[in-house]
Amino acid sequence: MILLNTWYAVALASRLKEDEPLGVNLHGTSLVLWRDTAGALTAVLDRCPHKGASLSRGCVSDGKLRCGYHGWSFSSEGRCVEIPANREGMAIPRRAHRVRYPCQEAHGFLWLWWHEQSDLDIEAVPALPPINHVPEADDPAWRSMEGETFWSAHWIRILEGFIDLTHVPFVHKGTFGGAAADQLYPSAEEATTDSLYALIDTPRDPKYRSEQGNLIGRLKNTLFGSKNNDSGAPAGSQHLHLWLANFLLIRVVFKDFSIYLCLVPVPLGDGRTHLLWRHFRSFLKSPLADGVALKRVLRFLEEDRYIVESVEPFDPDLDGRVDLLLASDSMTIGLRRLLREKRDANLVR
């Protein structure tokens, strides 16, 4: 399933170095990104028009992308500006130039606009989704981590898994799911033509209440929470924000701390998905706490991967002929409704 005329986050911005190109894949298409001398991004197909070598295996020199096979050089406009083997005065063929793909950097990710128009006007491409709440990388109020992995699952199935409310006490029973209710419904929901939002009351987990007094115990306690009273009332809130095509932000907010998690499934087109993530915590901001926090994030993701990779059929059924969705699946129902609307507008193939 390919969603057209939309922005996809495709890579962690930290992966792109100042003097090196970065190869990415989206829907089976290989592209290369690099920065010019001013730091501006350029993206083109990751194939040299000469003999088809991967341009991402070349280098960046003076802000220009140079092929590692024969040294053909491309400007930030995608134009071939140098063919070293050419004699002086020889013209550069028009076919040597590369078509640019709209690209931007924001929220710690690199983004590509995915389209099918051969005559796309880059200047007319819409702005990025109106994403908010993602902390800046240098914000002292937060400690951040990031990573990436690969799943053998459909990218929409992965999004559905992360916005599924009632899987938590079963899939994550060994981690943070111990305090989750079996019957969990949003207390508020919103939808636009390109986004979904849900607010969920979130209890603290009493399992770690007694684990105080040392760094590891306190981190476990804070990651999963502890009840600050015996009433059993929800102690915080969880906010699910989904922006099409593939950007999900989960915000878990308590009175005394918050945890944010950005999750970005990048469809590779070969039955795999490249999952990117960024994690933010507002507590224990020392690097000494990173090890425990990272372990918890990776375990949480592995719990989801294990079950989501088993889901059949591989492609989600937008018309409800296969899955039996119930009222508790409101976020999944909302996402599929958005995708059907996109399909009706010929923006899904």
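Each value, and the rule that gives it
- Residues numbered from 1 in each chain as written.
- Predicted model: local features only at pLDDT ≥ 70, side-chain atom pairs only at ≥ 80, totals over all residues.
- Heavy atoms only, no water.
- Salt bridge = Lys/Arg side-chain N within 4 Å of Asp/Glu carboxyl O.
- pLDDT = per-residue confidence, 0-100.
- Contact = heavy atoms within 4.5 Å.
- Helix = DSSP H or I, 4+ residues; strand = E, 2+ residues; numbered from the N terminus.
- Buried < 20%, exposed > 50% of the residue type's maximum accessible area, 1.4 Å probe, protein only.
- Pairing = 2+ DSSP bridges.
- Axes fitted to C-alpha atoms, helices over the stretch in contact; angles between N-to-C directions.
- 1 Å grid on protein atoms, 1.4 Å probe; cavity = no way out; pocket = protein on both sides within 12 Å on 5 of 7 lines; lining within 4 Å.
- Points joined across faces, edges and corners; volume = space filled by probe spheres on them.
- Nonpolar A, V, L, I, M, F, W, Y, C, P; charged D, E, K, R; others polar.
- Phe/Tyr/Trp six-rings, centres within 6.5 Å; stacked < 30°, edge-to-face > 60°.

**Focus on the pattern of salt bridges**
Stage number 1. Inspection of every chain in the model, using the stated rule, returns 18 salt bridges.
Stage number 2. Via salt bridges that share partners, R157, E160, D323 and R336 belong to a single interconnected network.

**Focus on the confidence of the model for the protein**
Stage number 1. In the predicted model, the protein carries a mean pLDDT of 89, and 88% of its residues have values of at least 70.
Stage number 2. In the model, residues 206-216 has pLDDT below 50 throughout and makes 21 contacts with residues more than four positions away in sequence or in other chains.
Stage number 3. Between residues 224-234, whose pLDDT stays under 50, and residues either more than four places distant or in other chains, the model counts 25 contacts.

**A few points about unusual backbone geometry**
Stage number 1. With omega at 15°, the peptide bond leading from L244 into A245 counts as cis.
Stage number 2. Its place among the elements puts A245 in the loop between β14 (236-243) and β15 (247-254).
Stage number 3. That bond from E312 to P313 is cis: its omega, -5°, falls within 30 degrees of zero.
Stage number 4. Within the secondary structure layout, P313 lies in the loop between α4 (290-308) and α5 (330-344).
Stage number 5. With phi around 55°, N5 is a residue other than glycine that occupies positive phi space.
Stage number 6. One can find N5 in the segment before β1 (6-12).
Stage number 7. Residue classification places N5 among the partly exposed positions, given a relative accessible area of 33%.

**Observations concerning the sheet that holds strand β2 (residues 22-26)**
To summarise the sheet geometry, strands pair through backbone hydrogen bonds and adopt either a parallel or an antiparallel arrangement.
Stage number 1. Spatially, three strands are ordered β2-β3-β4 in an open sheet, and the strand pairing comes out antiparallel. In the strand order of this sheet, the two ends are held by β2 and β4 (41-45), each with one partner. Sheet twist, expressed as the mean angle between neighbouring strand axes with direction ignored, is 30°.
Stage number 2. Looking at chain direction, β2 and strand β3 (residues 29-35) are connected through five bridges and run antiparallel. In the strand pairing of β3, N25 is matched with S30.

**Digging into the sheet that holds strand β9 (residues 103-106)**
Stage number 1. One open sheet holds the three strands; their spatial order is β1-β10-β9, and the pairing between them is antiparallel. In the strand order of this sheet, the two ends are held by β1 and β9, each with one partner. Strand-to-strand, the axes of this sheet are offset by a mean angle of 35°, without reference to chain direction.
Stage number 2. Where β9 lies against strand β10 (residues 109-114), four bridges are found, and the strand directions are antiparallel.

**Examining the environment of V252**
Stage number 1. Inspection of the secondary structure puts V252 in strand β15.
Stage number 2. For V252, the contacting residues outside a window of four places in its chain are T202, S237, Q238, F257, S258, I259 and Y260.

**Focus on empty space enclosed by the protein**
Stage number 1. Enumeration over the complete set of coordinates arrives at one cavity of 30 Å³ or more.
Stage number 2. Surrounding the largest cavity, I163, D164, L165, S328, D329, S330, M331 and T332 form its lining.
Stage number 3. For the lining of the largest cavity, the class distribution of residues is three nonpolar, three polar and two charged.

**With respect to the layout of surface pockets**
Stage number 1. The computed volume of the second largest pocket comes to approximately 340 Å³.
Stage number 2. Considering the residues around the second largest pocket, the lining is formed by 16 residues, among which R157, E160, G161, D164 and V311 are closest to the centre.
Stage number 3. Residue assignment for the lining of the second largest pocket shows that the elements contributing at least two residues are α1 (155-162), α4 and α5.

**Quick notes on the packing of aromatic side chains**
Stage number 1. Tallying each qualifying case throughout the model produces twelve aromatic pairs.
Stage number 2. Consider the rings of F109 and F247, whose centres lie 5.6 Å apart with planes at 90°: the pair is edge-to-face. Of this pair, F109 sits in strand β10 while F247 sits in strand β15, placing them 138 residues apart in sequence. Across this residue pair, the class does not change: F109 and F247 are buried.
Stage number 3. For the pair F162 and F300, a centre-to-centre distance of 6.1 Å together with 40° between the ring planes defines the contact as tilted. One end of the pair, F162, is in helix α1; the other, F300, is in helix α4, and 138 residues separate them in sequence. F300 shares its class with F162; the two are buried.
Stage number 4. The rings of F109, W111, W243 and F247 are connected pair by pair, giving a single aromatic cluster.

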